[in-house]
Amino acid sequence: MFESITAFLTSIGISPAQLFAGLAGAFTRTVIQKQPLTWAVVATSIVGALCAIYLTPIIGLWLGLNLSVLAVNNALSFGIGLIGMSLAEGVLTLAQNWAKNPRLMRQMDAKGLADALNDHSHTREMKTSDRSGNDAD
C-alpha cells in the first residue's frame, strides 16, 4: 500500500520525504504553540507541508545544499514545514503591499524587501476608508 502511495506522489512531482518531513515540522509547530486541534491548525499544517514540498528544492539550491543527502533534504524540509505558515503569510504581505505601491520594490535589495514587508501606511488608509466610507486615495 505504501509503495503505491509513494509511487503516486512521485508521479505528480511530490517527494514523499519532503511531504512527511514538512508535515512533521508543521505538527511540531502546533505542539510547541500548544494549540488545540482545530480546522485552522490542520490547514496551517497543510500549508507548512506544501511550503516544504515546493520550497525545499529552491531554498536548498539558494543555500548551496546537497539535497541528494537524505538527512539534509529532510532537515531542510522539516525546518520549512515548521515555519511554512509564517513564510506564506510573509509572501502574501509582500505581494499585497507591492500591489498597493509597486515603487516599494524598485530595487530588489534587503532594504526594499524590508520596506515592502513593513509598509503599513496602506493598511491605515484602508482602515480609515472603511470607517469613513470614503476612499483614502
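(A) View of the overall build of the protein chain. The helix and strand tally for the protein chain stands at six helices and zero strands. Reading the helices (α) and strands (β) of the protein chain from amino to carboxyl end gives α-α-α-α-α-α. Taking all 137 residues of the protein chain together, the buried fraction comes to 26%. The contacts of the protein chain with a sequence gap of at least 6 include a subset with a gap of at least 24, amounting to 51%. Roughly 9,400 Å² of accessible area belongs to the protein chain as shown, and the carbon and sulfur atoms make up 67% of that amount.

(B) Up close: the nonpolar core. If you look at the biggest cluster of nonpolar residues, it comprises five residues: Leu 9, Ile 14, Leu 19, Ala 49 and Ile 53. When residues no more than four places from it in sequence are discounted, the contact partners of Leu 9 are Ile 14, Pro 16 and Leu 19.

(C) Looking closely at the packing of helix 3 (residues 39–63) against helix 4 (residues 70–100). Orientation of helix 3 relative to helix 4, taken along the N-to-C sense of each, is 125 degrees, at an axis distance of 6 Å. The angle between the axes of helix 3 and helix 4 places the two elements in the oblique class. In this structure, helix 3 crosses over helix 4, and the sense of that crossing is right-handed. The segment helix 3 lies against helix 4, with Thr 44, Val 47, Gly 48, Cys 51, Ala 52, Leu 55, Thr 56, Ile 59 and Gly 60 engaging Asn 73, Leu 76, Ser 77, Ile 80, Gly 81, Gly 84, Met 85, Leu 87 and Ala 88. Within the contact of helix 3 with helix 4, the residues separate by chemical class into 10 nonpolar, eight polar and no charged.

(D) Local environment of the environment of Val 72. Relative to the elements of secondary structure, Val 72 occurs in helix 4. Here the alpha-carbon distance between Val 72 and Gly 60, two residues 12 residues apart in the chain, equals 8.9 Å. The residues contacting Val 72, other than those within four sequence positions of it, are Leu 65, Asn 66 and Leu 67.

(E) Examining the environment of Ile 46 more closely. The topology assignment puts Ile 46 in helix 3. In the structure, Ile 46 is positioned 23 residues away from Leu 23 in sequence and 7.0 Å away in space, judged by C-alpha atoms.

(F) Spatial organisation of the confidence of the model for the protein chain. Model confidence for the protein chain is summarised by a mean pLDDT of 77, while 75% of its residues fall at 70 or above. The least confident element of the protein chain, judged by mean pLDDT, is helix 6 (residues 121–132) at 46; the most confident is helix 3 at 87. Low pLDDT (under 50) marks residues 122–137, which in the prediction has eight contacts with non-local residues, meaning those over four places away or in another chain.

(G) Seen up close, the side chain of Asn 73. Here Asn 73 is to be found in helix 4. Among residues more than four places away in sequence, those in contact with Asn 73 are Gln 18, Thr 56 and Leu 67.

(H) Main features of the packing of helix 2 (residues 16–32) against helix 3. For the pair helix 2 and helix 3, interaxial distance at closest approach is 8 Å and the crossing angle is 140 degrees. By the angle class used here, helix 2 and helix 3 are oblique. Like other packed secondary-structure pairs, helix 2 and helix 3 cross with a definite hand, here right-handed. Between helix 2 and helix 3, the contacting residues are Gln 18, Leu 19, Gly 22, Leu 23, Ala 26, Phe 27, Arg 29 and Thr 30 on the first element and Val 41, Thr 44, Ser 45, Gly 48, Ala 49, Ala 52, Ile 53, Thr 56 and Pro 57 on the second.

(I) Focus on helix 4. Compared with an ideal rise of 1.5 Å per residue, which puts 31 residues at 45 Å, helix 4 spans 42 Å between its outermost C-alpha atoms and is within 8% of the ideal. The largest bend in helix 4 is about 60 degrees, located at Ile 83. Turning to helix 4, its buried residues are Asn 73, Leu 76, Ser 77, Ile 80, Gly 81, Gly 84, Leu 94 and Asn 97.

Rules and cut-offs
Numbering of residues starts from 1 in each chain and follows the order in which that chain's sequence is written. Confidence filtering applies because this is a predicted model: local features only for residues at pLDDT of at least 70, side-chain atom pairs given and counted only at 80 or more, and all residues used for totals across whole chains, interfaces and linings. As a convention, hydrogens and water are excluded, and side-chain values are obtained from all of the structure's heavy atoms. Numbering of helices and strands runs from the N terminus; a helix is a DSSP stretch of H or I covering at least four residues, while a strand is a stretch of E covering at least two. Think of it in three bands: residues with accessible area under 20% of the maximum for their type are buried, residues over 50% are exposed, and the middle band is partly exposed, with areas taken using a 1.4 Å probe on protein chains only. Any two residues having at least one pair of non-hydrogen atoms within 4.5 Å are treated as being in contact. Calculation of accessible area relied on Shrake-Rupley with a 1.4 Å probe; when residues are assessed, cover is drawn exclusively from the protein chains displayed. Among buried residues, those of type Ala, Val, Leu, Ile, Met, Phe, Trp, Tyr and Cys that are joined through side-chain atoms within 4.5 Å constitute a nonpolar core. To get an axis, a line is fitted to the C-alpha atoms, and for a helix only the part in contact is used. The angle between two axes follows their N-to-C directions and goes from 0 to 180 degrees. Roughly parallel here means an angle under 35 degrees, roughly antiparallel means over 145, roughly perpendicular means 65 to 115, and every remaining angle is called oblique. A clockwise turn of the near helix away from the far one marks a right-handed crossing, whereas an anticlockwise turn of less than a right angle marks a left-handed crossing. Each residue gets one of three labels, nonpolar for Ala, Val, Leu, Ile, Met, Phe, Trp, Tyr, Cys and Pro, charged for Asp, Glu, Lys and Arg, and polar for the others, Gly among them. A score from 0 to 100, pLDDT tells how confident the predictor is in each residue. For a helix, the expected span equals 1.5 Å multiplied by the residue count minus one. Note that the bend at a residue is defined as the angle between axes fitted to the seven residues ending at it and the seven residues starting at it.

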